[in-house]
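Fold and geometry: a report
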Amino acid sequence: MGTAAALEVRDLVKNYKGAAVPAVNKISFSITNGEIWGLLGPNGAGKTTTISILCGLLKQTAGDVRIKGYTHQKNSKQIKELISIVPQDIALYPALTAVENLQYIGNMYGLKGSELNKRIHTYLEIFGLKEVAGKRIETYSGGMKRRINLIAGILHDPQIVFLDEPTVGVDVQSRNMITTFLQDLNKKGTTIVYTSHLMEEAQHLCTHIAIIDHGVIIASGSPDELIRMHSCRNLEDLFLKLTGRKLRD
Amino acid sequence: MLRLSATIRKEMLLLIRDKSGLAVMFLMPMALVILMALIQDAPFRDYQELKIPLLLINKDDGALGEKIESGLAGSNIFEVTRFTGTEQEARKKVTQGVYEIGIVIPADATKNLDRRVQNFVDETMLDLGLPANDTTSQDTLITETSLPVFFAPDIKKSFKNSVLSSIRHVASRLETQTMLEAFKRELNEGTADSSPEEIGEFIRFEESTASGTASVYELNSVQHNVPAWTLFGMFFIVISLAGSMIKERTDGSYLRIRTMPGSYATVMSGKVLAYLAVCLSQCALMILAGIYIMPLLGLPQLQIGSNLITILLVALSCGLAATGFGVLVGTVFNTHQQSSTFGSVSVVILAALGGIWVPVYVMPEIIRIFAEFSPLYWGLNAFQSVFLGHGNIVDIWKHLIKLLLFFLFTLSIASFINKHKNN
């Protein structure tokens, strides 16, 4: 595991037009190369806004974001080559087959020919989708859609992958396959930035956790470190202790 | 280039898989073209082709009745039926719609005309200091000959004018002929009884296109409706294109696209080119229908001239304008419902203004001013210039420039809004 920063965030602020309080309020953190970095928080805490800014989908109001030393403002093209996002929505074309979707995404990353086809078929085999490769995505089950959604995000071997609740709504088998694969991917050197509401999964998967609430990071460290520091039984206990039991929108 | 071709391929696959979308883009305009051409065939036909049923009561035994009757029959406009009943009976038949027009030539029509002409000639001769042969009518009040003409209640004003104009033309020639014969009789008594010579036309109108080209195709139902509804169909892809953009945004695909290498311009170019191919296919299909299917339905064959390159340029410009508008609608609106409602209503308005239903020249002046801003008006004018008048690029370049500027304008606005929305 390397020690150089894959991603550095300094005093990040995001104010939405008409909002009374900032969605993200002067947060700073650094993600080391090869980490599985979990960003946890209740609904409306600022997770999606933060991830969207890191991926270049939103512009920050203030602060600095550097990915491998690059900024979105100056080096958008280089950053796009380095990162990838696996969104919570199945961001694929339902009327296209798995292969057609992956060919399109691969081409957009500059991959083509036998190299692209080899990658597509390797991943489809790993994720148990080879038999249905020629079928339209709209015919897939929820678990199959999650798996193909993940393949679409890693097809071009990105150095940093942003995963937004990658296992939501899938069965235990699919979840196990996805988390095992992510750990293997991380071992090969890929930095993973991960958000989830599944505390057990986050505790098991992440090497570092940051808990965000009301746009501010309220805790940061390794899962074991944080649990020990706050004298909690597990990550879920810790999460409730720090963010409260009041229902969020 | 790889990204552009990948986007085009993806869009084409999505289009092919969307069967209902394909039906809207190809079958609907095809049905509209055929249906509207059939419906508007009769109004577009000129009166010579139609043969309007006319009921004639000719009580006159002289030349006027005879000449009006032969003039009407020989005009190829009317299907003349002689009627021996009363004027009242004739009016009833016309009111019932059995005949479109009824004309009554009174019993003394020729005599009345002769006396009136003779009276005029005598007065003229006396004014010129020449001896007048016949002054019998000097003291008699001669009224003008009155020919009752009555129409079916549903006859349009323009049609009435056209019919009256034809009858006046026949009567006027006869008046002139009678007058000349009377003058000749007065001036050359010796030849007064010789057979009258038919007067030819002194002024002849030569009909041609404004551009002065030799071969002229007349505007008929097919010549109007094929380009008109082809354009309508091309612009109707706005709904499909905008819908696909909104779907991409709502299902998250666009979010993924935004994190992938490749500019907004590349992604939009891929979309525009894919839908442009659809527009060109629509255009080709409709033109082929006009050439090969319309005649099978008893309609005139579509004439497209011989300038295929110019036709392609017009189709390209119209297709670009349509896709640009689609991209703008897809960018501005957030739901498919909003975009499809706005898209369809706006295209219908632009089509109405553009003269798709009725020619712009029959519209009120204020509407004609607005029509100048409809891309469908530019497109229709360009198509008709090429199809009807053998127009080349020189004749239509202004329309093409407007269409291309419309494309660039809509894309620029869409790009600006997209940037604003993303921030």
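Since the structure is predicted, the reported quantities are computational estimates derived from the model, not experimental observations. (Residues numbered from 1 in each chain as written. Chains lettered and ligands numbered in written order. Predicted model: local features only at pLDDT ≥ 70, side-chain atom pairs only at ≥ 80, totals over all residues.)

**As for the overall build of chain B**
For the record, the criterion: Labels follow the DSSP assignment, with helices taken as runs of H or I lasting at least four residues and strands as runs of E lasting at least two, numbered in each case from the N terminus. Partly exposed residues are those falling between the two cut-offs: more than 12 but fewer than 20 other C-beta atoms within 10 Å of their own, whereas 20 or more means buried and 12 or fewer means exposed, with C-beta atoms placed from the backbone. Our contact criterion uses C-beta atoms placed from the backbone: two residues qualify when those atoms are within 7 Å.
If you tally the helices and strands in chain B, you get 16 helices and four strands. A total of 423 residues make up chain B; the buried ones form 38% of that total. Looking at chain B alone, contacts between residues at least 24 apart form 80% of all its contacts between residues at least 6 apart.

**What to know about the interface of chain A and chain B**
At the junction of the two partners, chain A supplies 25 residues and chain B supplies 19 residues. Within the residue set of the side of chain A that touches chain B, elements represented by two or more residues are helix 2 (72–82), strand 5 (83–86) and helix 3 (98–108) of chain A. Looking at the side of chain A that touches chain B element by element, the count peaks at four residues for helix 3 of chain A.

**Digging into helix 2 (residues 19–39) of chain B**
All names here are of chain B. We count it as follows: Given the number of residues in a helix, its expected span is that number minus one, multiplied by 1.5 Å. The term bend refers to the angle at a residue between two fitted axes, each drawn through seven residues, those ending there and those starting there.
Between its first and last C-alpha, helix 2 extends 28 Å over 21 residues, near the 30 Å set by a 1.5 Å rise per residue. When the local axis directions of helix 2 are compared, the greatest deviation, roughly 30°, occurs at Leu 27, which is followed within four positions by the proline Pro 29. All of the buried residues in helix 2 are Met 25, Pro 29, Val 33, Ile 34, Met 36 and Ala 37. Buried-residue contacts for helix 2 involve helix 3 (41–44), helix 9 (221–250) and helix 11 (264–293).

**Side note on the nonpolar core**
Put simply, the test is: Think of a nonpolar core as buried Ala, Val, Leu, Ile, Met, Phe, Trp, Tyr and Cys residues, each tied to the set through C-beta atoms within 7 Å.
Among the nonpolar cores identified, the biggest contains 143 residues, and Phe 162 of chain A together with Phe 235, Ile 237 and Val 238 of chain B are the most heavily contacted of them. The element that contributes the greatest number of residues to this core is helix 9 of chain B, accounting for 16 residues. Contacts of Phe 162 of chain A, omitting those with residues within four sequence positions, involve Ile 51, Leu 54, Cys 55, Ile 83, Ile 85, Val 86 and Val 193 of chain A. Counting 23 residues, the second largest nonpolar core, distinct from the first, contains Leu 56, Leu 72, Val 117 and Val 163 of chain B.

**Structural notes on the sheet that holds strand 9 (residues 216–221) of chain A**
Residues and elements named next belong to chain A. Applicable threshold: Two strands qualify as a pair provided DSSP detects at least 2 bridges between them. Axis lines are fitted through C-alpha atoms, for helices just across the contact stretch, and the angle between N-to-C directions can take any value from 0 to 180 degrees.
Pairing is mixed in the open sheet, where six strands are placed in the order 5-6-7-3-8-9. Here the strands that pair on one side only, and so sit at the sheet edges, are strand 5 and strand 9. Pairs of neighbouring strands in the sheet enclose a mean axial angle of 15°, with direction left out of account. In this sheet, strand 8 (residues 208–213) lies alongside strand 3 (residues 36–40) in parallel orientation, the contact comprising four bridges. Paired with Gly 38 across the bridge in strand 8 is Ile 209. Strand contacts of helix 5 (residues 142–154): strand 5 and strand 6 (160–164), with the helix running at about 170° to strand 5, the strand carrying the most contacts.

**A few points about the pairing of strand 1 (residues 52–58) of chain B**
Residues and elements named next belong to chain B. Heads up, the condition is: Looking down the strands as they point away from you, a crossover is right-handed if its path from the first strand over the helix to the second goes clockwise.
By the criterion of burial, strand 1 is predominantly enclosed, with five of the seven residues buried. Across five bridges, strand 1 lies against strand 2 (residues 78–82) in parallel orientation. Following the sheet pairing, Leu 54 is matched in strand 2 by Val 80. In this fold, the crossover linking strand 1 to strand 2 by way of helix 5 (residues 63–74) has right-handed handedness.

**Concerning helix 12 (residues 308–332) of chain B**
The first and last C-alpha atoms of helix 12 of chain B sit 36 Å apart over 25 residues, in line with the 36 Å expected at 1.5 Å per residue. Of all 25 residues in helix 12 of chain B, 19 are buried; the element is thus mostly enclosed.

**Observations concerning the confidence of the model for chain B**
Residue and element names in this part refer to chain B. The cut-off we apply is this: pLDDT expresses how confident the predictor is about each individual residue, on a scale running from 0 to 100.
On average, residues of chain B carry a pLDDT of 83, and 88% of them reach 70 or more. Ranking the helices and strands of chain B by mean pLDDT puts helix 12 first, with 94, and helix 4 (residues 47–50) last, with 55. We note a pTM of 0.75 for the whole complex and an ipTM of 0.85 for its interfaces.

**What to know about the packing of helix 5 of chain B against helix 8 (residues 157–187) of chain B**
Residue and element names in this part refer to chain B. Basically, it comes down to this: Orientation labels follow simple angle bins: below 35 degrees gives roughly parallel, above 145 gives roughly antiparallel, 65 to 115 gives roughly perpendicular, and whatever is left gives oblique. Note on convention: the crossing is left-handed when the near helix lies turned anticlockwise from the far helix by less than a right angle, right-handed when the turn is clockwise.
Between helix 5 and helix 8, the least distance of the axes is 9 Å, while the angle of their chain directions is 140°. Of the possible angle classes, the one that applies to helix 5 and helix 8 is oblique. For the element pair helix 5 and helix 8, the recorded crossing hand is right-handed. Residues Leu 64, Lys 67, Ile 68, Gly 71 and Leu 72 of helix 5 form the contact with helix 8, whose own contacting residues are Val 170, Ala 171 and Leu 174.

**Points about unusual backbone geometry**
Residue and element names in this part refer to chain A. Of note, Asp 11 is a non-glycine position whose phi angle comes to about 50°, a positive value. Mapping Asp 11 onto the fold places it in strand 1 (residues 5–14). Take Asp 11: there are 12 C-beta atoms within 10 Å of it, and that puts it in the exposed class. One non-glycine residue, Lys 26, lies in positive phi territory at about 55°.

**Considering the pairing of strand 1 of chain A**
All names here are of chain A. Judged from the seven bridges that link them, strand 1 and strand 2 (residues 24–32) form a sheet pairing that is antiparallel. Note that in strand 2 the partner of Val 9 across the bridge is Phe 29. The pairing of strand 1 with strand 4 (residues 62–67) spans five bridges and is antiparallel. Bridging from a neighbouring strand, Val 13 pairs with Ala 62 of strand 4.

**Here we look at the packing of helix 2 of chain B against helix 9 of chain B**
All names here are of chain B. Applicable threshold: Here the term charged refers only to Asp, Glu, Lys and Arg, the term nonpolar to Ala, Val, Leu, Ile, Met, Phe, Trp, Tyr, Cys and Pro, and the term polar to all other amino acids, Gly among them.
Where helix 2 meets helix 9, the axes come as close as 9 Å, and the angle between the chain directions of the two elements is 160°. Taken together, helix 2 and helix 9 sit at an angle that is classed as roughly antiparallel. With respect to the hand of their crossing, helix 2 and helix 9 are arranged in right-handed fashion. Here helix 2 contributes Gly 21, Val 24, Met 25, Met 28, Pro 29, Leu 32, Val 33, Met 36 and Ala 37 to the contact with helix 9, which in turn contributes Ser 221, Val 222, Asn 225, Val 226, Trp 229, Thr 230, Phe 232, Gly 233, Phe 236, Ile 237 and Ser 240. Classifying every residue of the contact of helix 2 with helix 9 gives 14 nonpolar, six polar and no charged.

**Section: the environment of Asp 157 of chain A**
Turning to its location among the elements, Asp 157 of chain A is positioned in the loop between helix 5 and strand 6. For the pair Asp 157 of chain A and Glu 35 of chain A, spaced 122 residues apart in sequence, the C-alpha separation works out to 16 Å.

**Overview of the environment of Tyr 275 of chain B**
Residue and element names in this part refer to chain B. Along the chain, the position of Tyr 275 falls in helix 11. Using a count of 28 C-beta atoms within 10 Å as the deciding quantity, one classes Tyr 275 as buried. It is 9.4 Å that separates the C-alpha atoms of Tyr 275 and Met 234, two residues lying 41 residues apart in sequence. Ignoring anything within four residues of it in the chain, the contact list for Tyr 275 reads Ile 237, Leu 241, Thr 323 and Gly 326.

**Thoughts on the sheet that holds strand 1 of chain B**
What links the strands of a sheet is backbone hydrogen bonding, and the strands pair in either a parallel or an antiparallel sense. Residue and element names in this part refer to chain B. With respect to topology, four strands assemble into an open sheet ordered 2-1-3-4, the strand pairing being mixed. Among the strands making up the open sheet, the edge pair consists of strand 2 and strand 4 (149–151). Averaged over all neighbouring strand pairs, the angle between strand axes comes to 20°, with direction disregarded. Across three bridges, strand 3 (residues 101–105) lies against strand 4 in antiparallel orientation. Its bridge partner lying in strand 4, Ile 103 is registered against Val 149.

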